[in-house]
Amino acid sequence: MTNQEALMDTTDATLPAIAEEDGLRADLYDFLAALLARPADAALLGQIAALRGDETALGQAVSALARVASVSTPRAVESEFNALFIGLGRGELLPYASYYLTGFLNEKPLASLRRDMAARGMRRAETVYEPEDNIASCMEMMAGLIRGRFGAPGTLDDQKTFFGRHIGPWAGHFFTDLEAAQSSVLYASAGALGRVFMEIEAEGFRMSGA
């Protein structure tokens, strides 16, 4: 994760080669994880501002995020992040699968995720105390599954299963909420990017027939 500490423990072995398209998907999952794990620092904001998108819906979302990043400061982004996700007692949004799927934290979706993590050799990093079903960790897990950070790269069927169980049912709703949140400025554009990407991933898995 660029300029961010990893949320998940990974192996140190050289990652196996994967298709270019899958590498780009993994990069975008990692990028969203970096944005959502903690406030973007000046280096990350500079990298985002330099991005250029094409005329596709995803490319336009990238370009919009880059424009906002180019006029954002680390202090403003930290304030925005705190209002959205921390707040006094709680932030405007609760970015956890359990909350989105049941209305409560630390419920069955978290237990299900932990079982699938164990089966794939995934472990939360010792320095991370957030429940594993937070959106940043789920994005990073999906990237690691694609790239083979936790063993062999996941097959398309395994990726589809993981996405269908732990990301697809709620992440699009979260990103839509992030896009519309009262406190969102930079993160409104991040929400739009995440929403479009989740739609593309869901459609890709649907069309794959895996």
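Preceding this paragraph is the structure being described.
Residues numbered from 1 in each chain as written. Predicted model: local features only at pLDDT ≥ 70, side-chain atom pairs only at ≥ 80, totals over all residues. Heavy atoms only, no water.

**Overview of the packing of helix 6 (residues 108–119) against helix 8 (residues 156–166)**
Part 1 of the reasoning: Interhelical geometry of helix 6 versus helix 8 gives an angle of 160 degrees and a closest axis separation of 10 Å. The angle between helix 6 and helix 8 falls in the class roughly antiparallel. Crossing of helix 6 against helix 8: the hand is left-handed. Across from Ser112, Leu113 and Asp116 in helix 6, the residues of helix 8 making contact are Phe162, Arg165 and His166. (Axes fitted to C-alpha atoms, helices over the stretch in contact; angles between N-to-C directions. Helix = DSSP H or I, 4+ residues; strand = E, 2+ residues; numbered from the N terminus. Parallel < 35°, antiparallel > 145°, perpendicular 65-115°, else oblique. Left-handed = near helix turned anticlockwise from the far one by under 90°. Contact = heavy atoms within 4.5 Å.)

**Focus: unusual backbone geometry**
Part 1 of the reasoning: The backbone of Asn106 shows a phi angle near 55 degrees, a positive value even though the residue is not glycine.
Part 2 of the reasoning: Along the chain, Asn106 turns up in the loop between helix 5 (97–102) and helix 6.
Part 3 of the reasoning: Residue Asn106 is classed as exposed on the basis of its relative accessible area of 52%. (Buried < 20%, exposed > 50% of the residue type's maximum accessible area, 1.4 Å probe, protein only.)

**What to know about the packing of aromatic side chains**
Part 1 of the reasoning: Enumeration over the complete set of coordinates arrives at eleven aromatic pairs.
Part 2 of the reasoning: Chaining the aromatic ring pairs together yields one cluster made of Phe81, Phe85, Tyr99, Tyr100, Trp170, Phe174, Phe175 and Tyr187. (Phe/Tyr/Trp six-rings, centres within 6.5 Å; stacked < 30°, edge-to-face > 60°.)

**Here's the deal with the side chain of Ser72**
Part 1 of the reasoning: Relative to the assigned elements, Ser72 resides in the loop between helix 3 (57–70) and helix 4 (74–85).
Part 2 of the reasoning: Engagement of the side chain of Ser72 in a polar contact is seen with the backbone oxygen of Val68, the distance being 2.7 Å.
Part 3 of the reasoning: With residues near it in sequence (within four places) discarded, Ser72 still touches Leu45, Val77 and Leu186. (Polar contact = N/O pair within 3.5 Å; in protein donor to acceptor, adjacent residues only side chain to side chain.)

**Here's the deal with the pattern of salt bridges**
Where side chains of opposite charge bring their charged atoms close, a pairing between them can arise.
Part 1 of the reasoning: One pass over the structure, following the stated rule, counts twelve salt bridges.
Part 2 of the reasoning: Ionic pairing is found between Asp30 and Arg149, a salt bridge with its closest N-O pair at 2.3 Å. Residue Asp30 is located in helix 1 (residues 20–37), and its partner Arg149 is located in the loop between helix 7 (135–147) and helix 8; the two are separated by 119 residues in the primary sequence.
Part 3 of the reasoning: A relative accessible area of 8% places Asp30 in the buried class.
Part 4 of the reasoning: Among the residues examined, Arg149 registers a relative accessible area of 14% and is labelled buried. (Salt bridge = Lys/Arg side-chain N within 4 Å of Asp/Glu carboxyl O.)

So far we have only geometry, and geometry alone does not tell us how the molecule works.
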